[in-house]
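For reference, the chains in residue letters:
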Amino acid sequence: MPTPPSPVENPRRQQIRREAARLFAARGFLGVGVDEIGKAVGISGPGLYRHFPGKDAMLADLLVGISERLLDEGRRRVAEAADPRAALDSLLRGHIDFALDESALITLHDRELLHLPDAERHQVRSLQRQYVELWVDVAGDTFPGLGASARASVHAVFGLLNSTPHSATGPDGGAADRPAMAALLHRLALGALGAAAHRPEA
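Remember, it's a predicted structure, so these values are computed and weren't measured experimentally.

Novice: How should the layout of surface pockets be read in this particular structure?
Specialist: The probe, sized like a water molecule, is rolled over the atoms to show the empty space still left. Its boundaries defined by the atoms lining it, the second largest pocket holds a volume of some 430 Å³. For the lining of the second largest pocket, the secondary-structure elements that each account for two or more residues are helix H3 (55-80), helix H4 (84-101), helix H5 (103-112), helix H6 (118-142) and helix H7 (150-161). Ranked by residue count, the leading element in the lining of the second largest pocket is H6, at six residues. Counted by class, the lining of the second largest pocket contains nine nonpolar, seven polar and three charged residues.

Here is the structure:
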């Protein structure tokens, strides 16, 4: 689930993060100016520089931050689980919460990772690889039949779960029923892994 802000975190900084993510996802990183982000949080554009050195730093903070958070939360969930199946269930619930509650960050990653400086982009990729490997180990332990296809299967599940910017809407264009969507994603992800583990022999 989303990690709450640290008690020592500046609430204004958290607000800037949320609004920057929303605007970048809706308009694109290059299509949003500092003044517009400032207006969204009720301060002048230049006032943002008391919290972030610039727009590039906001993007890096968002993308590196969510990658760190997913990995840390995933490791915690696995460490606290009683067995591999419980660990997989907990990983799924945590990632589904993220995908449903923070879909703007998914859109941001898909579209804007190329705008990060090389060092931050490599950091995001490294954190993501570690997160994937965490899932691969747990999925492989839960479904031994996955074998060498475990990594590809995990990536496919991520594709399913991270489809929420496009899929988590109701017929009227509004938000879909959240509990129902969470249950559907959970069921589909487990079904996909189970089907991959029990694929018929060629």
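Novice: Teacher, can you tell me more about the UniProt feature "DNA-binding region" (unreviewed entry) in the protein chain here?
Specialist: Residues annotated in UniProt with the feature "DNA-binding region" (unreviewed entry) correspond here to residues 33-52. As annotated, residues 33-52 comprises 40% helix and 0% strand, and the C-alpha atoms at either end are separated by 14 Å.

Novice: Help me understand the confidence of the model for the protein chain in this model?
Specialist: Parts of the prediction with low pLDDT should not have their coordinates interpreted in detail. Scored by pLDDT, the protein chain has a mean of 89; 88% of the residues are at 70 or more. When mean pLDDT is compared element by element in the protein chain, H6 scores highest at 97, while helix H8 (residues 164-167) scores lowest at 72. Confidence drops under a pLDDT of 50 for residues 1-7, and excluding neighbours within four residues, the segment shows eleven contacts in the predicted structure.

Novice: Would you explain the packing of aromatic side chains in this entry?
Specialist: Geometry of an aromatic ring pair is reported as the spacing of the ring centres plus the angle between the planes. Counted under the stated rule, the structure contains four aromatic pairs. Ring centres of Tyr131 and Trp135 lie 6.2 Å apart, and the angle between their planes is 70°; on these two criteria the pair is classed as edge-to-face. One end of the pair, Tyr131, and the other, Trp135, are both in helix H6, four residues apart, so they sit about a helical turn from each other. Both residues of the pair, Tyr131 and Trp135, count as buried. An angle of 70° between the planes, with centres 5.0 Å apart, marks the rings of Trp135 and Phe158 as edge-to-face. Of this pair, Trp135 sits in helix H6 while Phe158 is found in helix H7, placing the two residues 23 residues apart along the sequence. Each member of the pair Trp135 and Phe158 is classed as buried. Through pairs of rings, three or more aromatic residues link up here, namely Tyr131, Trp135 and Phe158.

Novice: What should I look at first to understand the nonpolar core in this one?
Specialist: Note that soluble globular proteins tend to have their nonpolar side chains buried in a common cluster. Counting 59 residues, the largest nonpolar core has Phe24, Ile37 and Trp135 as the members making the most contacts within it. Not counting residues within four places of it along the chain, the set of residues in contact with Trp135 comprises Leu88, Leu91, Leu92, His95, Val154, Val157, Phe158 and Leu161.

Novice: Which parts of the structure should I look at to understand the side chain of His186?
Specialist: Topologically, His186 is positioned in helix H9 (residues 178-197). Excluding residues that lie within four positions of it along the chain, His186 makes contacts with Asp89, Leu92, Arg93 and Ile96.

Novice: Any chance you could explain the packing of H7 against H9 here in plain terms?
Specialist: Two numbers describe a pair of packed helices, the interaxial angle and the distance between the axes. Between H7 and H9, whose axes approach to 10 Å, the crossing angle comes to 160°. In terms of orientation, H7 lies roughly antiparallel with respect to H9. Read as a crossing pair, H7 and H9 show a hand that is right-handed. Touching Ser153, Val157, Leu160 and Leu161 of H7 are Leu185, Leu188, Ala189, Leu193 and Ala196, all from H9.

Novice: Is there a simple way to think about helix H2 (residues 34-41) in this case?
Specialist: Every α-helical turn comprises 3.6 residues, leaving residues that sit three or four positions apart pointing alike. Three or more residues of H2 are buried, namely Val34, Ile37, Gly38 and Val41. The arc that holds the buried residues of H2, viewed along the axis, is 100°, so those residues lie on one side. Among the exposed residues of H2, those pointing more than 90 degrees away from its buried face are Asp35 and Lys39. Downstream of H2 by one or two residues, Gly42 has phi in the positive range, about 80°.

Calculation notes
- Residues numbered from 1 in each chain as written.
- Predicted model: local features only at pLDDT ≥ 70, side-chain atom pairs only at ≥ 80, totals over all residues.
- Heavy atoms only, no water.
- 1 Å grid on protein atoms, 1.4 Å probe; cavity = no way out; pocket = protein on both sides within 12 Å on 5 of 7 lines; lining within 4 Å.
- Points joined across faces, edges and corners; volume = space filled by probe spheres on them.
- Helix = DSSP H or I, 4+ residues; strand = E, 2+ residues; numbered from the N terminus.
- Nonpolar A, V, L, I, M, F, W, Y, C, P; charged D, E, K, R; others polar.
- UniProt positions renumbered as here; feature names shortened; annotations may be inferred.
- pLDDT = per-residue confidence, 0-100.
- Contact = heavy atoms within 4.5 Å.
- Phe/Tyr/Trp six-rings, centres within 6.5 Å; stacked < 30°, edge-to-face > 60°.
- Buried < 20%, exposed > 50% of the residue type's maximum accessible area, 1.4 Å probe, protein only.
- Core = buried A, V, L, I, M, F, W, Y, C linked by side-chain atoms within 4.5 Å.
- Axes fitted to C-alpha atoms, helices over the stretch in contact; angles between N-to-C directions.
- Parallel < 35°, antiparallel > 145°, perpendicular 65-115°, else oblique.
- Left-handed = near helix turned anticlockwise from the far one by under 90°.
- Arc of directions from axis to C-beta.

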